[in-house]
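As a plain string of letters, each chain reads:
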There are 2 protein chains.
Amino acid sequence: MTTDINQLKTKDTNQLEDKSTFAKQRIRLIFEPQSVVLIGSSKIDEEVGMTSPELFQNIAYNMKKYYKYTFSELDIEKSDSVSQADLAIIVLPPEQSVSWAEQAMMAGVQAIIQITGGFSDKVREQYLKLAMKYHVRLLGPNTIMGVVNPTIGLNTTFERNLMPVTGKISILSQSGGVGAALLDWAVFYRIGIGKFTFMGDKLDIDDINILNYLVEDPDTKVIAIYMEGIKAGRRFVKAAKNISREKPIVVLKGAITSESAKLAMSHTASIAGSDNIFNAAFKEAGIIRVKDIDELFNASLALAKQPPMKGKSVAVVSNVGGPAILAADALVREGLKLAHLTKKTKDIITKRYPGVDVINPVDIIADARSERFKFILEHVLNDPNVDGVMVINMLKSCFFKPEDAKVIPEVAKKFGKPVVDVPVGAEDFKLVSDILIESPIPTYDLPDKAAKALKVLFEYNKIKFGKEK
Amino acid sequence: MTTDINQLKTKDTNQLEDKSTFAKQRIRLIFEPQSVVLIGSSKIDEEVGMTSPELFQNIAYNMKKYYKYTFSELDIEKSDSVSQADLAIIVLPPEQSVSWAEQAMMAGVQAIIQITGGFSDKVREQYLKLAMKYHVRLLGPNTIMGVVNPTIGLNTTFERNLMPVTGKISILSQSGGVGAALLDWAVFYRIGIGKFTFMGDKLDIDDINILNYLVEDPDTKVIAIYMEGIKAGRRFVKAAKNISREKPIVVLKGAITSESAKLAMSHTASIAGSDNIFNAAFKEAGIIRVKDIDELFNASLALAKQPPMKGKSVAVVSNVGGPAILAADALVREGLKLAHLTKKTKDIITKRYPGVDVINPVDIIADARSERFKFILEHVLNDPNVDGVMVINMLKSCFFKPEDAKVIPEVAKKFGKPVVDVPVGAEDFKLVSDILIESPIPTYDLPDKAAKALKVLFEYNKIKFGKEK
C-alpha cells in the first residue's frame, strides 16, 4: 500500500510541484497565509494520535497571540461549516481529519498542516488523493508542531509562547522532539528564525519541496536541517547541490547508528560504512555537516551573519592571554592557520601601543577598551595576510565593558572579512551577547566554537566559489 | 638567575614540603586561614604590575562580604604595622611587597598570597629567600586572582561578587584569564567548588604542592586543571599517578600549538609531536584529558556526583524519539555501547506499559511523567546488562514537568551505577537543572555532552581499578 502511495506521489504531486508555479505558490501558503482556520475538537481526547482539547486550545492561543492576519477557529463540536481561508490547521483523529479537510478544500482552502498522526495506509491514500484532486498542498500528517514564521506571527505549535525572534536561519526538522529542542534553543538564545518546519510523515510535501521554497524566500539566508534519513536520495542531492551555491545548507544527521538505535545492537563496523555514504552525498551536495545541536546553531549563526572566509589565515585579537592560546589551539585543530601579520601592520600597532607585542594571537592586554580594540582590529583586518578575525573580549579580570563591544561591528563592516566575537565564559558571554545580538557579529562562549564557526565560513567559501581565494 | 632560584627552590622548599607536615600545614593556611590581613595601597596606581586602589578595594569588598573569620586590611598609606594573621594577601609593587611581606612574617603571618606581579629576578630571589627563612609558604607572585574557598568565604579575587557555591570540584588554573573564565562559568551555572587556585608564577608553591593538599582535602572530590605547561614533568607525573587513584584529575591542556601561539607560525607537524608527549604523560599519570572549558566542567561534574562506570553498556531512557537517536549516536561515537536489555527487564516493562517498545534506547513516549520514568528507570538500572543510564526528559512537546525529575535521584541512589540526565534544549535544560542542581544527578543540555560524561566515568573506572568490571 505504501508503495502505491509513493508511486502516486512521484507521478503526480512532486512532478507538479517541481514544474508548476501554481504548486509552488500553494506551498508558500503553508508559511505565508493571509488567513488561517484551525479545525479541532473541544471533546476528543485521544491517547496515541495526540488529538486533545488542550493541544487544540494551545494552538489557538498562539495563533491569537501572534498571528497578524485573519484567524478563525472551528470546534467541530459546535460548528459544521468551514469558512474560506488560505491555510487550514487540522488537529483531529485520522478519519475526521480527512472528512474536515475535504470540507475545507471545498470551501477554498489551498494548503493544510495536519498536526496529528496515527493514519492507516488506507486513510493516508484517501487524504493524498483528495489533496491532489483539489490541488491542495499538505504538510504532514504527524507534523506535531507544524510551522513557525515569526515575520507574520504564524505559530502552529502547541507549546504556548514559544516564539522565536525574526531572523535569517530557516530550520527543517524530521523529528518532533529534536525540532522542539531546536525551537526551544532558538527562543532561549534569541537566535533569529526565518521559517521553522516540522516535516512529519511527508505524505505530500517533502524536504525537497521545502528546500525549493526556502531558496526563493527572502527571509532565509541559511537552511539548517535535522534529518534522520532521506527517501529520494538522488533527487535530494541534486536539489541541494543547486541550492547550496545560493544559500548554505547545514545538516545534523541523526541515526548515524540507526541499526544500533533500532535494534539495540552495537555493531560498530556497519556504522562507519553507512555514515560514509552520507558524508559522500553531503559533500557532493555542498552540504555542511555538523555533529550536534549546538554546532548546528553555531555554524548557522556564522553563515547567516558573516561572509564566507576566502582563506585559512585567521588573526586572534584578545584582551587575555590564556583564552587566546586556547583560540590558537582550536584554530589549528580545525585545520585553519594563524595569520602572519605583515611588518606594516606590526609597525603601526607597535607605534601606537608600544606595550602590545604584535604577534598572532595579538594580546592587547587586560586594560584594553573600545578605542584600543577599534584601532588594532581595524589594522589587523586591513592586513592582506588576514582572511578572518576572532575577537576575544573578556570582562572578568579585564577592564572591558559590554558596551565597548559596539565598536566591533562598526569596524568589521568596512572589510569583507568574517569577524566572530568570543566573550569567553558564562555571565561575560551573556552580557556582551546582549550588546551584539542584533549586530552582524555572531558571539560564542568558547574559542573552540568560534574556531568551528570560522572553519564553516571557510568551507562555505569553497562550496560557493569552488576554490580558495 | 632564574636557574639559581629554581635550584634553590628544588633543594630546599619543595623537599621541605614533600616531607614535612609542618610545611603542609602552612600550605593549608593559603586555603583555610582563621585570620587574614590584606596589605595594599589607596594611592599607588601602576600600569603593568596591576597594583591599584580599585583592585585593593575590590578584594577588601569580597573579603568583608564573604569571609567568615577575622579579616583586617592594611592601607600602607595610613598605617605602618602589620597585625598577626594566618594569611597575608599582598597587592603592592614588587619591592614594597617584599618589604611588607617581611614585616608580616615578623608579625607571625605563615602564608602569603602575592596577587600582583612584575617582579625582577633579583626581587624574586629576595622574596623566596625570605619565605624560606621564615618558613612561610608563598602563592604567586602574579596570581592575579589568588584563591577561593567558598566553605569559609575566602575570596581573594578582585571581581566583586564572583563567589561560587560550595561543592566538590577543585580547580587549579595556570592562566589568570582562563581561570577567570572558569570561575565565571562555575558561578553562572552554579557548579559547586571546593577550592579554586590561580597559580601565578610559582616562585614557591607549585602545582604538585597544591595537588598534595587537595588529595587530603575533604571538600575536594575532583581536581580540574587548566595547564599550559609543566616544569618538573617527571615529578608531576609521579605525584599525579598516586593522586589519580584517590581522586580523579581532569586536565585541559592549553598551548598544544605553543610554537604557533608564541611565534605566530603554524607548522602543524610539530604540534602533534609535542602534544603526543603530553598524551603519553597524562595516560601514565591516570589523568583524564579534555579539549575545552565546557568539557572540563562536564567531566568534573560527572566525576564529582556519580560513581565510576564499570563497563561500556549504556541504556537510554527517553520521553522523545529523535533526541534518543542522537544519544545513541553520541554513545557509539564515544566508544560506548548500547546495552542489550534482558528478556526479564523487557517483560516487566511491557507488562506494565504495553505501549512502550522496550528496545534500547527505550522510548517511553511523550506523555510519560514521574511514575513511568521511575518504574522504567528502576528496572533498567536493575538489569545486569546495564552499566549506566542516560535519562532524557524533555518538557517541550512532552507532558513531563520539571518537578517530575525528582524521582531520578531517588531511583538512582539504590544502584551503584552512574545516571546522568539530559533535559535536551535550553529553557528545558534550565528548568530541570534547577530541580536537580543539588542532587547527585548531573544534568547536560545535549545528549552529546552526557555521552562524553559517561565515557569519562568509564575511563575513570579503569584508572581507579585498572580494569573493566
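What counts and what doesn't
- Residues numbered from 1 in each chain as written.
- Chains lettered and ligands numbered in written order.
- Predicted model: local features only at pLDDT ≥ 70, side-chain atom pairs only at ≥ 80, totals over all residues.
- Heavy atoms only, no water.
- Helix = DSSP H or I, 4+ residues; strand = E, 2+ residues; numbered from the N terminus.
- Contact = heavy atoms within 4.5 Å.
- Buried < 20%, exposed > 50% of the residue type's maximum accessible area, 1.4 Å probe, protein only.
- Core = buried A, V, L, I, M, F, W, Y, C linked by side-chain atoms within 4.5 Å.
- Buried area = accessible area lost by both parts, 1.4 Å probe.
- Salt bridge = Lys/Arg side-chain N within 4 Å of Asp/Glu carboxyl O.
- Polar contact = N/O pair within 3.5 Å; in protein donor to acceptor, adjacent residues only side chain to side chain.
- Nonpolar A, V, L, I, M, F, W, Y, C, P; charged D, E, K, R; others polar.

Q: Before we move on, could you go through the side chain of Thr443 of chain B and cite the residues and values that matter?
A: Tracing the backbone through its elements, the reader meets Thr443 of chain B in the loop between helix 17 (427-436) and helix 18 (447-465). Beyond its immediate chain neighbours, meaning those up to four positions away, Thr443 of chain B contacts Leu301, Asp421, Pro423, Phe429, Ser433 and Leu436 of chain B.

Q: Describe unusual backbone geometry, listing the residues and the values that go with them.
A: A cis amide bond links Gly140 of chain B to the next residue, Pro141 of chain B, at an omega of 0°. Within the secondary structure, Pro141 of chain B sits in the loop between strand 5 (137-139) and strand 6 (147-149). Of note, the bond from Asn360 of chain B into Pro361 of chain B is cis; its omega dihedral lies within 30 degrees of zero at 0°. Positionally, Pro361 of chain B belongs in the loop between helix 14 (343-352) and strand 15 (362-363). The backbone phi angle of Ser397 of chain A is positive, close to 70°, even though this residue is not glycine. Relative to the assigned elements, Ser397 of chain A resides in the loop between strand 16 (388-392) and helix 15 (407-412). Looking at Ser397 of chain A, the relative accessible area reads 9%, which means it is buried. The backbone phi angle of Lys202 of chain B is positive, close to 55°, even though this residue is not glycine. Looking at the element boundaries, Lys202 of chain B is found in the loop between strand 9 (193-198) and helix 8 (207-216). For Lys202 of chain B, a relative accessible area of 18% gives the class buried.

Q: A description of the nonpolar core should follow, citing residues and the corresponding values.
A: Ile293 and Met390 of chain A together with Ile293 and Met390 of chain B are the most contacted members of the largest nonpolar core, which has 224 residues in total. Contacts of Met390 of chain B, omitting those with residues within four sequence positions, involve Val314, Ala315, Val316, Val317, Ala327, Leu331, Val420, Val422, Pro447, Ala450, Ala451 and Leu454 of chain B.

Q: Outline the interface of chain A and chain B, supporting the account with residue identities and numerical values.
A: Contact residues are listed per partner, giving 66 residues for chain A and 66 residues for chain B. Here chain A packs against chain B, burying approximately 5000 Å² in sum over the two surfaces, 67% of which is carbon and sulfur. Our enumeration of links across chain A and chain B arrives at two salt bridges. In this structure, the salt-bridge partner of Asp184 of chain B is Lys396 of chain A, at a minimum N-O distance of 3.5 Å. At the boundary of chain A with chain B, the tally comes to 12 residue pairs in polar contact (both at pLDDT 80 or more). Put simply, the parts of the chain that give the side of chain A that touches chain B at least two residues each are helix 6 (176-188), strand 11 (249-253), helix 9 (258-263), helix 11 (293-305), helix 12 (321-333), strand 14 (337-338), helix 16 (427-436) and helix 17 (447-465) of chain A. For the side of chain A that touches chain B, the per-class residue count stands at 34 nonpolar, 12 polar and 20 charged.

Purely geometric numbers; function is a separate question.
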